[in-house]
Amino acid sequence: MKKFARIVGTGSYLPPRIITNSELEKTLDTTDEWITSRTGIKERRVVNGESTCDLALEASKRALEMAEMSASEIDLIILATTTPDKIFPATATMLQNQIGATCPAFDLQAVCAGFVFALTTAQQYIENGAANNVLVVGSETYSRIIDWSDRSTAILFGDGAGAVVLSSNNSTGIMYSKILSDGRYLSSLHVNNNYINETGTIEMAGNEVYKIAVNRLSELAEETLKDCNMTSDDLTWMVPHQANIRIISAVAKRIKLPMSKVVLTIEKHGNTSAASIPLALDVAVRDGRIKKGDNLLFEGIGGGFSWGSVLVEY
Ligand code: UT7
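Below is a short write-up of the structure. (Residues numbered from 1 in each chain as written. Predicted model: local features only at pLDDT ≥ 70, side-chain atom pairs only at ≥ 80, totals over all residues. Heavy atoms only, no water.)

## Considering the packing of aromatic side chains
Reasoning step 1: As enumerated under the stated definition, the model contains three aromatic pairs in all.
Reasoning step 2: Positioned above the aromatic ring of W237 is the side chain of R289, whose terminal nitrogen or guanidinium carbon lies 5.8 Å from the ring centre.
Reasoning step 3: One Lys or Arg, K292, reaches over the ring of Y314 and ends 4.4 Å from the middle of that ring. (Phe/Tyr/Trp six-rings, centres within 6.5 Å; stacked < 30°, edge-to-face > 60°. Lys NZ or Arg CZ within 6 Å of the ring centre and 35° of its normal.)

Below is the structure:
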């Protein structure tokens, strides 16, 4: 009998420190009006000493609690992050230790598409019977790799973590997934070090990334619906990567999905990269918008470029 990877618990965590657009106005040549109208972002969270693992730990505890599962029941941990705490060991193994699990654990790096890539990987483990319960986490501390004097990037990103527990079952769960990469665009969006300098910061050709994001994500969203024999009418919610409200709206328009069916957290979270989808998912699960049986479309694109979509019956 076919096995499906079903989401049985969600959790998220945001560090308490908030940076509003008004605060950024004091240090950058920017305005709240420019940031809000161009991106949809009003504020973002940043760490104050917390690590990527610290954020992941809190989000994971909440997801396990919702799943009514203990860490010892987890067979695999996949942590999607662009901002690991160390070059090695994997942040996932630090999380494994701190949460009290004993299973294999590894990091996955696909930048803002990291959560979609991690879900797709976990799905393979569950569908082929190699794992029954998988903890998938997206956790980021981008505030460490932002050039806070660069107004074109400093306004966009935030820190946070989201997690899901996936469990094997015979009826429903992840129905479709697709991941893609195109490595020709390194200089469009990257961190400007090669592990040679101690740290680097984000460099982005925002306008180019914007256009590619809208085109690739729209094509993929259309293809996903077609491959699933669905139209946007069959979607209950789209839970997109929260990069820019204008990118999200353009994709929704292309697949004829009203914005009332899109989960948006960008206003308060900014772009939290691999954490943005599980953060948005957890918000909408906990406030009661997302219910069992809903059809959810996750999609996201990030540096590389790497992008992907996952269709889930929740
Ligand atoms: O997670 C995936 C990775 N990232 C993304 O998805 C980001 C994709 N790109 C974007 O979201 C948008 O391109 C941005 C929000 C980054 C920029 O918006 P835009 O509408 O593409 O603006 P632009 O880069 O074309 O810049 C327009 C103007 C420029 O000034 P001039 O040359 O017209 O005089 C910029 O220098 O806006 C200026 N500008 C700003 N002005 C005020 C750029 N950043 C700012 C700022 N405040 N923070």
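## Section: the sheet that holds strand 13 (residues 306–313)
To summarise the sheet geometry, strands pair through backbone hydrogen bonds and adopt either a parallel or an antiparallel arrangement.
Reasoning step 1: Pairing is mixed across the open sheet formed by four strands, whose spatial order is 8-13-12-11. Every other strand in the sheet has two partners, leaving strand 8 (174–181) and strand 11 (237–240) as the edge strands with one partner each. This sheet shows a mean twist of 10° between the axes of neighbouring strands, independent of strand direction.
Reasoning step 2: Pairing analysis gives eight bridges linking strand 12 (residues 295–302) to strand 13, with the strands arranged antiparallel. When the sheet's bridge partners are listed, E299 is paired in strand 13 with S309.
Reasoning step 3: This element, helix 7 (residues 206–227), spans strand 8, strand 12 and strand 13 of the sheet and lies at about 150° to strand 12. (Pairing = 2+ DSSP bridges. Helix = DSSP H or I, 4+ residues; strand = E, 2+ residues; numbered from the N terminus. Axes fitted to C-alpha atoms, helices over the stretch in contact; angles between N-to-C directions. Contact = heavy atoms within 4.5 Å.)

## Some remarks on the site of the ligand
Reasoning step 1: In the neighbourhood of the ligand, 23 residues make up the surrounding shell, with T30, R38, N207, N244 and N271 lying closest.
Reasoning step 2: Within the contact set of the ligand, an oxygen atom lies 2.8 Å away from a side-chain nitrogen or oxygen of R38.
Reasoning step 3: One of the backbone N or O atoms of G206 is found 3.0 Å from an oxygen atom in the ligand.
Reasoning step 4: Surface burial for the ligand is 73%, taken as the share of its 950 Å² of free accessible area covered by protein chains.
Reasoning step 5: Of all the secondary-structure elements, those providing two or more residues to the shell around the ligand are helix 2 (32–39), helix 6 (151–154), helix 7 and helix 8 (245–254). (Near = heavy atom within 4 Å. Polar contact = N/O pair within 3.5 Å; in protein donor to acceptor, adjacent residues only side chain to side chain. Areas by Shrake-Rupley, 256 points an atom, 1.4 Å probe, with all protein chains shown as cover.)

## A short note on the nonpolar core
Reasoning step 1: Counting 45 residues, the largest nonpolar core has Y142, M238, I255 and F305 as its most contacted members.
Reasoning step 2: Three or more residues apiece are contributed to this core by two domains, here domain 1 (4–169) and domain 2 (174–313).
Reasoning step 3: The residues contacting M238, other than those within four sequence positions of it, are I248, V251, A252, I255, L257, K261, V262, V263, L297 and E299.
Reasoning step 4: Judged by nonpolar contacts, the second largest core, of 36 residues, contains V239, A284, V285 and I290. (Core = buried A, V, L, I, M, F, W, Y, C linked by side-chain atoms within 4.5 Å. Buried < 20%, exposed > 50% of the residue type's maximum accessible area, 1.4 Å probe, protein only. Domains from an automatic or database assignment.)

## Things to note about the sheet that holds strand 4 (residues 76–80)
Reasoning step 1: Sheet architecture is open: five strands sit in the order 1-7-6-4-5, paired in mixed fashion. The two strands at the open ends of the sheet, each matched to only one other strand, are strand 1 (4–13) and strand 5 (105–108). Between one strand axis and the next, the sheet turns through 20° on average, direction left out of account.
Reasoning step 2: For strand 1 and strand 7 (residues 160–169), the ladder comprises nine bridges, and the chain directions are antiparallel.

## Regarding the environment of L95
Reasoning step 1: Mapping L95 onto the fold places it in helix 4 (residues 91–99).
Reasoning step 2: Remark: the alpha-carbon pair of L95 and A56, spanning 39 residues in sequence, is separated by 7.1 Å.

## A look at the pairing of strand 4
Reasoning step 1: Within strand 4, five of the five residues are buried, which leaves the element mostly enclosed by the surrounding structure.
Reasoning step 2: Judged by which residues are buried, strand 4 turns out to be covered on both faces: L76, I78 and A80 on one side and I77 and L79 on the other are all buried.
Reasoning step 3: Where strand 4 meets strand 5, four bridges bridge the pair, whose relative direction is parallel. Across the sheet, residue I78 finds its bridge partner in strand 5, namely F106.
Reasoning step 4: For the crossover from strand 4 across helix 4 to strand 5, the handedness is right-handed. (Right-handed = clockwise from strand over helix to strand, strands pointing away.)

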